[in-house]
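Listed below are the residues making up each chain.
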Amino acid sequence: MKDALRPRKNPPHSGVGEPPQDDAPLQSASVEHPVLEALYRFWSGKKSALGALPSRKDISPSEIKKLLPHIAIADVIDGGADFCFRVCGTMITEGAGVELTGKSWSSFEGTDRIIARSRQLVETAEPYYATNQRAHWAPKDFQHYSVLALPLARDGKTVDMVLYGLVYQPMERGE
């Protein structure tokens, strides 16, 4: 099993574009996985009554201990040109077959769609939820995943981090 990321063959897509067609617009009832639903409820509870986004300092790991293995936090680099992981939960690392902490999305092959979705999250300050995604970026290509991405902002408005919740599902036979 490879323990390093596959090198990128092409530079990341620089245009923002629309999110892929398989991304569902986020509504609280549309988050199907219980881990991701719990993360969404936690994040929503941290938003201010005026709609200000929570910041990293608003998130205490002790409040979400059971969710931590499924969570990653990435810094927004150059306004969304890239995203670099600060922390990455054990279930994400085990499922992907690679350590993500300290790595950026652009160092992965096959992450153009992820970068575009994350860039749109930075621009709109709106979360996204995507299901049945293929982990092309991971050495363990047999995995599909669902992801919830939530904006974080030091000033309550300008997204400077992304809180990802991720759960893997094995691919169906024949895929």
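Residues numbered from 1 in each chain as written. Predicted model: local features only at pLDDT ≥ 70, side-chain atom pairs only at ≥ 80, totals over all residues. Heavy atoms only, no water.

1. Observations regarding the pairing of strand β3 (residues 82–88)
- One ladder, built from six bridges, connects strand β2 (residues 71–77) with β3; its direction is antiparallel. Considered in β3, the bridge of Ile77 is made with Asp82.
- Taking the residues between adjacent antiparallel strands as the criterion, β2 and β3 are bridged by four residues, where Asp78 takes a positive phi near 50 degrees. (Pairing = 2+ DSSP bridges. Helix = DSSP H or I, 4+ residues; strand = E, 2+ residues; numbered from the N terminus.)

2. Considering the side chain of Ser106
- Checked against the element boundaries, Ser106 lands in the loop between α2 (90–96) and α3 (112–124).
- On the accessibility criterion, Ser106 (18% relative accessible area) is buried. (Buried < 20%, exposed > 50% of the residue type's maximum accessible area, 1.4 Å probe, protein only.)

3. A short note on the confidence of the model for the chain
- Chain-level pLDDT for the chain is 79 on average; 75% of the residues reach the 70-or-more range.
- In the model of the chain, strand β1 (residues 23–24) stands out as the element of lowest mean pLDDT, 44, in contrast to β2, which has the highest, 97. (pLDDT = per-residue confidence, 0-100.)

4. Description of α3
- In a regular helix each residue adds 1.5 Å, so 13 residues correspond to 18 Å; α3 covers 18 Å between its end C-alpha atoms and thus fits that length.
- Backbone geometry just downstream of α3 places Ala125 in the positive-phi region, at approximately 60 degrees. (Expected span 1.5 Å × (residues − 1).)

5. Digging into the packing of aromatic side chains
- In the structure shown here, the tally under the stated rule is six aromatic pairs.
- Between the aromatic rings of Tyr145 and Tyr168, the centroid separation amounts to 6.4 Å while the plane-to-plane angle is 70 degrees, which identifies the pairing as edge-to-face. Of the two residues, Tyr145 is situated in strand β5 (residues 143–152) and Tyr168 in strand β6 (residues 161–170); the sequence distance between them amounts to 23 residues. Grouping residues by exposure puts Tyr145 and Tyr168 together as buried.
- Members of the aromatic cluster, each reached through a chain of ring pairs, are Phe85, Trp105, Phe108 and Tyr164. (Phe/Tyr/Trp six-rings, centres within 6.5 Å; stacked < 30°, edge-to-face > 60°.)

6. With respect to the pattern of salt bridges
- Under the counting rule described, the total for this entry stands at three salt bridges.
- With its nearest N and O atoms 3.1 Å apart, the salt bridge here joins Lys46 to Glu63. Taken together, the residues Lys46 in helix α1 (residues 34–46) and Glu63 in the loop between α1 and β2 connect sequence positions 17 residues apart.
- A salt bridge links Asp160 to Arg154, with the shortest nitrogen-to-oxygen separation between them at 3.3 Å. (Salt bridge = Lys/Arg side-chain N within 4 Å of Asp/Glu carboxyl O.)

7. Some details on the nonpolar core
- Counting 47 residues, the largest nonpolar core has Phe83, Trp105, Leu148, Leu163 and Tyr164 as the members making the most contacts within it.
- If you list the elements that add at least two residues to this core, you get α1, β2, β3, α2, α3, β4 (128–134), β5 and β6.
- Residue contributions to this core peak at seven residues, all from β6.
- The residues touching Leu163, leaving out its near neighbours within four places in the chain, are Leu39, Ile59, Ile71, Ala72, Ile73, Leu148, Ala149, Leu150 and Leu152. (Core = buried A, V, L, I, M, F, W, Y, C linked by side-chain atoms within 4.5 Å. Contact = heavy atoms within 4.5 Å.)

8. Overview of unusual backbone geometry
- Even without being glycine, Asp78 reaches a positive phi, approximately 50 degrees.
- Positionally, Asp78 belongs in the loop between β2 and β3.
- With a relative accessible area of 69%, Asp78 lands in the exposed category.
- Unusually for a residue other than glycine, Ala125 sits at a positive phi of about 60 degrees.
- Within the element layout of this structure, Ala125 appears in the loop between α3 and β4.

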